[in-house]
Amino acid sequence: MKSENPIINQILASYKRLWSINHATSLMGWDFETYMPRKGTEERGIADSQLRLLYKELLLNKDFVDLVESGKKQQGLTDTDKGIIRVLDRSITRQIKIPKELTEAESLERIRGNMVWRQAREKSDFELYEPHLVKMVEIKKQIAEKIGYKKHPYDALLDTFEEDLTVADLDKVFGVLTPRIQKILKKLLDSGSPFCRKSKLGELKYDISKVDELNREILTLLQYDMERFRMDVSTHPFTQPMSLNDIRITTRYEGADFKRSISSTIHEAGHALYDLQCDQSLSVTPVEGASSLALHESQSRFWENIVGRSKPFVQLISPLLKKKVSATDQATDEELYFYFNTVKPDYIRVDADEVTYNLHIAVRYEIEKKIIGNKLTVSEIPEFWNDRMDQLLGVRPNNDSQGVLQDTHWSSGLFGYFPTYTLGNLISAIIASKMRAELGDYDKTIRNGDFKPIREWLGLKIHRHGSVYAPKVLLKNTFNESYNPEYFVTYIENKYLG
Ligand code: MG
C-alpha cells in the first residue's frame, strides 16, 4: 500500500524485511507440521531460532524504532496509518520491556518443559512435570512484572494474546456465562434430551480417502478459491497464512467418528476466510490479517458451529455424506443432526461440544488467574482442577492425563491464551445475531448452498479491516458490543432447549 504520509511509507518499506522473515518462518512451521522428514528437526530448529533472532534485531533496530516513534507524532493519519503504528509500537514495547535473559529462559524452558510434559502425560504423572511448570510460572510472573499492569499481574499476560483484555473483563464474562451454562446443561441431562443420547454414528469406521474427498467437496460448496488456499493433513489441525494470497489449513483423519474431521475442516476454513477476505491493500503490512485471537476464533467457530452444525447445513451435506460414508446411508437428517450436536460432559476440552466447551475454559481461567496472582501453588493445581471439573461439569478425572496434563499450552508458555477460545465463541454468537437482523433469516441460503451473502457480510463487517482496529474497538464500531455473553447463552438456549 501507499500512504499519504511519507513517514508511514518509510516504515512500510523497512517493514518488508520483517514481513519476509515472518513469511519464511511461517512456511517452515507449516512444513514442520506436515511434510518435513522427522530427522530434520535439529537443523530446522537452528534455522528457525536464528531467523527469529534476526527478526528481533531488525524490529529493535534504532532507525526503525525511531521511525515508529516519529510516526506516533504525525498529524492527520488515516485509520490504517494509525493501525500500522499501533501494531508495531505494541510489539516493539513488549520486546524492549522483556529482558533478553527472560526471553531466553522462556524459550529454553518451552523446549525442556514441553518434552517432559509429553512423557508425563503418557505416564499420567503430574509430579514428573511439576518442577517444569513451577519454573514456567515463575518466568511468566517475572514477565508480567516487566510488562507492567494496572490491576492484576495476569492482565499483562492476557494482553499478549488479546489486546487490552483484563481480569475485570473476564470475571464479568464468566460470572454470567458459567452459572447459566451449568443450568442449561443440567436441564438437558435431567430431561433426557435427544442431544444427550449417544449416537451409533460416532462409532462408524470410515475410508480416509473418501472422507478426504468429502471435505474437499464441502470446501467447494463453501466456495474456497483453491488458487489462494490449500488443505493438507496434520495431527493437530491448524491454519497458517503465508500471505493474503496463500493460506494453508490442515485437517485430521482418525478413521472413525467422521464428524471430527468434517468439523475440523470447516473450523480451519473459517479461520482462513479471515485472511482471504482481508483488503488486498493491506498486503505485506503490519495490519494484514486478524485483529486478535478471539476475533479469529469467532470466525472458525461461526462456520464450525453456527453454520456447520445447523439443521440446514446438515440437510445440505447429507447426500454427500451418504455417498462418501456408506454406513450412513440409512441415517435420517435428524439422526445426523443429533450426531453432529451430541452434548456430553467429559474430561477432554478439545473433544467438548458447544454447550460444555466454555466450562472447560472457565476451569483453566480460574487456575491461571490464581496461579499468576499467587492464590494457588503449582502442587495444588491437580486437586483444584479435579474439584472444579466435578462442580462445573459433574465429571471427575480419574488421572492427570484426563485432567491437568491434557493441554500443551502451559508447557509452551501460553498463559492467557485459553480465554480467547471462549471470547471467540461469544463473538460468534454476537455475529450470528447481528447478521440475522441485517440479512434476515439466512437458514434458507444455507439450505440452498448459497454462502455468498454470509461471506460478503463477514468480509464487509470484519475481514476487510485486517488488524487496523484493536479488537475492542472493532466490536464497538461494528456491532456496538463488547465481549457480551448474553448472545451466546441465548443461542445455546434456543438451539438446545428451544
Ligand atoms: Mg481455532
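What you are looking at is a predicted structure, and each value in this text was computed from that prediction instead of being measured.

Summarising the metal site, the magnesium ion is bound by the protein donors H267 (NE2), H271 (NE2) and E297 (OE), whose distances to it range over 2.3 Å. Here the donor residues of the magnesium ion share one chain and are spaced in sequence as H-x3-H-x25-E. You can see H271 sitting in helix α10 (residues 259–276) and its partner E297 sitting in helix α11 (residues 293–307), a full 26 residues away along the chain. Both residues of the pair, H271 and E297, belong to the buried class.

Attention shifts here to the domain arrangement of the protein. Looking at the protein, the domain boundaries give domain 1 (6–151) and domain 2 (167–496). For domain 1 and domain 2, the distance between their C-alpha centroids amounts to 26 Å. Facing the 37 residues of domain 1 at the interface are 41 residues of domain 2. Where domain 1 abuts domain 2, roughly 3400 Å² becomes buried across the two surfaces, and 66% of that area is made up of carbon and sulfur atoms. Broken down residue by residue, the surface that domain 1 buries against domain 2 is led by W19, W30 and F126, which jointly contribute 19%. Counting the contacts that link domain 1 with domain 2 gives 21 residue pairs in polar contact (both at pLDDT 80 or more). Among the elements that line the side of domain 1 that touches domain 2, the one with the most residues is helix α1 (residues 6–34), at 10 residues.

Moving on: helix α14 (residues 357–372). Between its first and last C-alpha atoms α14 spans 23 Å; for 16 residues at 1.5 Å apiece the expected length is 22 Å, and the two agree. With 14 of 16 residues buried, α14 is to be regarded as a mostly interior element. Where α14 terminates, the next one or two residues include N374, which has phi positive at roughly 60°.

With that settled, consider the side chain of H360. The topology assignment puts H360 in helix α14. Judged by relative accessible area, which is 1%, H360 ranks as buried. A distance of 3.4 Å separates a polar atom in the side chain of H360 from the backbone oxygen of D346. Setting aside residues no more than four positions away along its own chain, H360 makes contact with D346, Y347, I348, R349, A352, M389 and L393.

Turning to empty space enclosed by the protein, a few remarks are in order. Over the atoms, a rolled probe matching the size of one water molecule traces out where space is still vacant. Within this structure, the stated rule accounts for three cavities of 30 Å³ or more. As a volume, the largest cavity reaches approximately 70 Å³. Surrounding the largest cavity, W117, Y129, R364, W385, V404, D407, W410, S411 and F418 form its lining. Per-class residue counts for the lining of the largest cavity are six nonpolar, one polar and two charged. Its volume calculated, the second largest cavity comes out at about 50 Å³. Those elements giving two or more residues to the lining of the second largest cavity turn out to be α11, α16 (419–439) and α20 (486–497). With three residues, α11 is the largest single contributor of residues to the lining of the second largest cavity. Its residues assigned to classes, the lining of the second largest cavity shows three nonpolar, four polar and two charged.

Moving on: the environment of K198. Inspection of the secondary structure puts K198 in the loop between α8 (167–190) and α9 (208–221). In this structure, the C-alpha to C-alpha distance between K198 and F338, residues 140 residues apart in sequence, is 9.1 Å. Among the polar contacts listed, one links the side chain of K198 to the side chain of E203, at a separation of 3.4 Å.

So, about the pattern of salt bridges. Considering all chains together, one arrives at 39 salt bridges under this definition. Between D48 and R52 there is a salt bridge, and its shortest N-O distance comes to 2.8 Å. One end of the pair is D48 and the other is R52, both in helix α2 (residues 41–59) and four residues apart, which spans about a single turn. One salt bridge in this structure joins R396 and E383, with 3.5 Å as the shortest N-O distance. Note that R396 is positioned in the loop between α15 (381–393) and α16 and E383 in helix α15, a separation of 13 residues in sequence. Looking at E383, the relative accessible area reads 47%, which means it is partly exposed.

Okay, the packing of helix α5 (residues 100–123) against helix α6 (residues 126–147) next. Packed helices, taken two at a time, are described by the angle between their axes plus the distance between the axes. Orientation of α5 relative to α6, taken along the N-to-C sense of each, is 150°, at an axis distance of 9 Å. Taken together, the axes of α5 and α6 lie roughly antiparallel to each other. The way α5 lies across α6 gives a crossing that is left-handed. Taking contact as the criterion, the partners of L102, A105, E106, E109, R110, R112, G113, V116, W117, Q119, A120 and K123 in α5 are, on α6, L128, Y129, H132, K135, M136, I139, K140, Q142, I143 and K146.

Turning to the packing of α11 against helix α18 (residues 452–461), a few remarks are in order. α18 packs onto α11 with a crossing angle of 165° between their chain directions and a minimal axis gap of 13 Å. Regarding the angle of α11 to α18, the classification is roughly antiparallel. The two elements α11 and α18 meet at a crossing, and its hand is right-handed. Between α11, through Q299, F302 and W303, and α18, the contact on the second element is made entirely by I454, R455 and L458. Grouping the constituent residues of the contact of α11 with α18 by class yields four nonpolar, one polar and one charged.

Analysis parameters
Residues numbered from 1 in each chain as written. Predicted model: local features only at pLDDT ≥ 70, side-chain atom pairs only at ≥ 80, totals over all residues. Heavy atoms only, no water. Donors = N, O, S within 2.8 Å, 3.2 Å for Na, K, Ca; no water. Helix = DSSP H or I, 4+ residues; strand = E, 2+ residues; numbered from the N terminus. Buried < 20%, exposed > 50% of the residue type's maximum accessible area, 1.4 Å probe, protein only. Domains from an automatic or database assignment. Contact = heavy atoms within 4.5 Å. Buried area = accessible area lost by both parts, 1.4 Å probe. Polar contact = N/O pair within 3.5 Å; in protein donor to acceptor, adjacent residues only side chain to side chain. Expected span 1.5 Å × (residues − 1). 1 Å grid on protein atoms, 1.4 Å probe; cavity = no way out; pocket = protein on both sides within 12 Å on 5 of 7 lines; lining within 4 Å. Points joined across faces, edges and corners; volume = space filled by probe spheres on them. Nonpolar A, V, L, I, M, F, W, Y, C, P; charged D, E, K, R; others polar. Salt bridge = Lys/Arg side-chain N within 4 Å of Asp/Glu carboxyl O. Axes fitted to C-alpha atoms, helices over the stretch in contact; angles between N-to-C directions. Parallel < 35°, antiparallel > 145°, perpendicular 65-115°, else oblique. Left-handed = near helix turned anticlockwise from the far one by under 90°.

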